[in-house]
Amino acid sequence: MCFHDPIDRREAVKKIFGLAGSVVLGTVFAGPLGFPKPAMAGLKRSRFLVEGTGMHDGYSVKKLVEQVFDAAGGPGRFISKGDVVAIKPNISWARVPVLAATTNPEVLKAVIELCQAAGAKRVRIVDHTIQDPRRCFAITGAGLVAKQTGADLVYPRSSLMKDMKIRGNRLDVWPVFIPLVEADKLINIPVAKHHSLSMLTLGMKNWIGGVGGGRWSLHQDINESIVDLTQFFKPTVTLIDAVRIMTRNGPSGGSEAYVVKKNTLILSDDPVAADARAALLFGKRPGDLGFVRLGEKRGLGTSDFQSLDLKRVSL
Amino acid sequence: MKARHLVWLRRISQSFFLLLFLFLLVESRLPQEISLKYSLVTSGQQNLTLDYPVGFFFHMDPLVGLSSLISGHRFINGILWGAGVLLLTLLLGRVFCGFICPFGTIHHLAGSLKPSLKGPEMRKANEKSPGRRIKYFVLFTLLTGSLLGLNLSGLMDPISFFFRSMALAILPGTGAAMHSLFQTMADSHIRSLNLLGYGAEALVSPVFGYEPQAYQTGWFIGALFLFLLFLNRIRPRFWCRFLCPLGALLGLFSRFSLLRLDKAEEKCTGCGRCTRHCQGAATPVPGQEWDRAECLACFNCFQVCPENALAFRLGWSFGRNRGPDMGRRAVLGGIFAGLSIPFLGRLGGERDKVSNAGLIRPPGALEEKEFLTVCQRCGLCMKVCPTNAINPTVGEAGVSGFWTPRLIMGLGYCEYTCTLCGSVCPTGAIRKISVKEKIERPIRIGSAYVERGRCLPWSGNAPCIVCEEHCPTSPKAIYLRKADLETREGKKRELQVPFVDLKRCVGCGICENKCPVKGRPAICVIAAGESRSLKNRLLL
């Protein structure tokens, strides 16, 4: 069996996902409305970072997500008509949203609706959960979001983990969750939280949830692994959910006492800059994070997010 | 009613109950609904409930109810169903065996689809034989044992036997075969095959499990089941005639039934068709006395008799009914065996002297002595466990606890907010607990300890925090401390090393399950500290 030339399979899986919606849990959204493409789409763009903040109670998370995307040029800047979009939230733990161990379902839902409005042919929620997937889908709210939006919720079955060449410094061949590499566009929506080994888990670390295999051994060289995977996946854009952040006992937490409301969203097409900005929310300097330093060194982005096209929106 | 109609009524009823059994078997799983209304829930403590009464057949089984009653002095839920079956038997004989019992139906099918014995051979095979007394021996063994506090009835009870065989062997075995077929198809380079493979896997996953299921001794459970099916080639419904303790119990109750087989001896030409088609070897042939307690109420003899010499009628015939042919030796032997087994089973010392570290019972399980009075070893908790952690024991609970449930953390772990095993247990051997009770009390099933020699950071080999990050309690039972270690080259190296706080640990075993040291993990859960047992208490 030829595991190391993914080309055939890549096409095959593409076809399969195109035709057989039954591979995934959830139903298929039909008839998205077309969204006019902004003029800047297709132009060579400089990297940007948008911060959105909800200033007062009762703000709409959905509106904030929309404004953040609009400030970055609208969802049409990233999503073309007919795209298959894979969304990588962090729904690894069977914890309710208020514990901030998983991506806020309101953010997830808003992003899916933006993609659909921008003309995406199909939106998939893709995460290789740590605990039992069905429990994670149910408790994190991802299952309900999939049902409401018609997005596909892909079950992380072992036949969807295929060995691929990562070509990283540390990781060579590793099983990858195929729907992530088969998508036309890839949106990373991590939740910002504490992590007992890598200090924080933000956008770049979220890619550990995109692979299979014995991924617990990645902890032995966590920063190199994170950077290898970020380099491999190349997300279109990263939206860090810092509506609620978990400040200690991460990554699984378990008590609202560890949770702080920051009401913040960070959107960037520079994975390193997004993480660097989010580090400030925890009172850390970007340079404190090993994977930010390493990612910058490898040229994946900059930790000096001030140098990017910086925008702020608030509600 | 005409004989033909009765036989068809029986076939319809058998198919219905067999399909119902299989349906409830499949439905004994984590609810498939994944869109919980999270906005209504803030604590994550919503209780899991199944949509169907998956324990229905156990409730309907009078042997389960009776053995729990005399052994654990418990009225199990739904015991009235079992009482109803006994009442039905009092009125109509063993119609449960002929019309309802799914295990009987399977044997009926196996024996009659393609019978191995022809004409006269079959007739001879269906004549009464002393082997039928074995089932009374089995029944008296089980009931006497139950009376002395060791409930072994589930090992031989047909519903438990069938459920266990299907859930722990036939279903996972078929599932494994299908998974490997679809995996091969998904790996192939032919696109249409890929497509078929993925689609088929998605279709069968909800029934056979999303990942291959594994059960300790599953191969043996399956082999035993297939062997019993094979025995139908020697005698049709071998199990029902010779071995089934529930059949024996119902045979006892059929003594006073109103169902009569009227034989018109003058019409009989001695063709022997009635005996040839008799499922229970109950001597339907005119001229000899009918064995009421052996009759499975299949009504075959009624249908096949060409001379209309046989007819089933309802009528009060108290006093003329013949009692079951139990045999004094079978009864006395059974009582003797039942008296011996509970004490022989204790000679290993598992109950009184030693505690097995590997005997991690499901959350909510009763204290060990009480547990063994009601556990049916049916495998329902094992089937429903979403992580495949609950497995049948081999020797962990001693010989008297064979095939009772225990958690194997190498295969799964106890999901923090799941209480399914207790919610389905048909006899209450695992209590029905709420998520709130499980978390807040908390219910401990064991406790974790770190093996420093194998632990990656403790042995100075690599950083690793996997156990700590998975620990679900709040505050975490596993905590990290910085340790300055010296490397081989004499350099200082700071690593985080894990400790277990026993006051917090509930023994869920996710740390052991996820530990990167496979085979013999560096953090393990043992039964010590389980809250159901005073004997196993760890902290004061």
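Residues numbered from 1 in each chain as written. Chains lettered and ligands numbered in written order. Predicted model: local features only at pLDDT ≥ 70, side-chain atom pairs only at ≥ 80, totals over all residues. Heavy atoms only, no water.

### Topic: the confidence of the model for chain A
- Residue-level pLDDT values for chain A average 85, and 86% of them are 70 or greater.
- Scored below 50 in pLDDT, residues 1–12 of chain A makes 21 contacts in the model with residues more than four places away or belonging to other chains. (pLDDT = per-residue confidence, 0-100. Contact = heavy atoms within 4.5 Å.)

### Some details on unusual backbone geometry
Residues and elements named next belong to chain B.
- For the bond running from R441 to P442, omega is -20 degrees, close enough to zero to count as cis.
- Tracing the sequence through the fold places P442 in the loop between α21 (435–440) and β5 (447–450).
- Of the consecutive residues S474 and P475, the connecting peptide bond is found in the cis state with omega at -5 degrees.
- Along the polypeptide, P475 turns up in the loop between α22 (466–470) and β6 (478–486).
- Unusually for a residue other than glycine, R237 sits at a positive phi of about 50 degrees.
- Counting through the fold element by element, R237 comes out in the loop between α12 (218–230) and α13 (238–243).
- With phi around 55 degrees, R377 is a residue other than glycine that occupies positive phi space.
- Its location among the elements puts R377 in the loop between α18 (368–374) and α19 (380–384).
- Using a relative accessible area of 1% as the deciding quantity, one classes R377 as buried. (Helix = DSSP H or I, 4+ residues; strand = E, 2+ residues; numbered from the N terminus. Buried < 20%, exposed > 50% of the residue type's maximum accessible area, 1.4 Å probe, protein only.)

### Describing the packing of helix α7 (residues 222–233) of chain A against helix α9 (residues 290–297) of chain A
Residue and element names in this part refer to chain A.
- Where α7 contacts α9, the two axes come as close as 9 Å, and the packing angle between them is 50 degrees. Taken as axis vectors, α7 and α9 run oblique relative to one another. In the crossing of α7 with α9, the sense of the turn from one axis to the other is right-handed. Mapping the contact onto sequence places N223, E224, I226 and V227 in α7 and G290, F291, L294 and G295 in α9.
- Its residues assigned to classes, the contact of α7 with α9 comprises four nonpolar, three polar and one charged. (Axes fitted to C-alpha atoms, helices over the stretch in contact; angles between N-to-C directions. Parallel < 35°, antiparallel > 145°, perpendicular 65-115°, else oblique. Left-handed = near helix turned anticlockwise from the far one by under 90°. Nonpolar A, V, L, I, M, F, W, Y, C, P; charged D, E, K, R; others polar.)

### What about the pairing of strand β1 (residues 48–53) of chain A?
All names here are of chain A.
- Of all six residues making up β1, five are buried, and the element is well covered by its neighbours.
- Across six bridges, β1 lies against strand β12 (residues 309–314) in parallel orientation. Its bridge partner lying in β12, T53 is registered against S314.
- Here five bridges tie β1 to strand β11 (residues 259–268), and the two strands are oriented antiparallel to one another. Following the sheet pairing, T53 is matched in β11 by T264. (Pairing = 2+ DSSP bridges.)

### So, empty space enclosed by the protein
Residue and element names in this part refer to chain A.
- With the rule as written, the count across this model stands at 14 cavities of 30 Å³ or more.
- If you add up the space inside the largest cavity, you get close to 180 Å³.
- Around the largest cavity sit 19 residues that line it, and N90, S92, I130, K205 and G209 are the ones nearest its centre.
- Residues of the lining of the largest cavity, tallied by class, amount to five nonpolar, eight polar and six charged. (1 Å grid on protein atoms, 1.4 Å probe; cavity = no way out; pocket = protein on both sides within 12 Å on 5 of 7 lines; lining within 4 Å. Points joined across faces, edges and corners; volume = space filled by probe spheres on them.)

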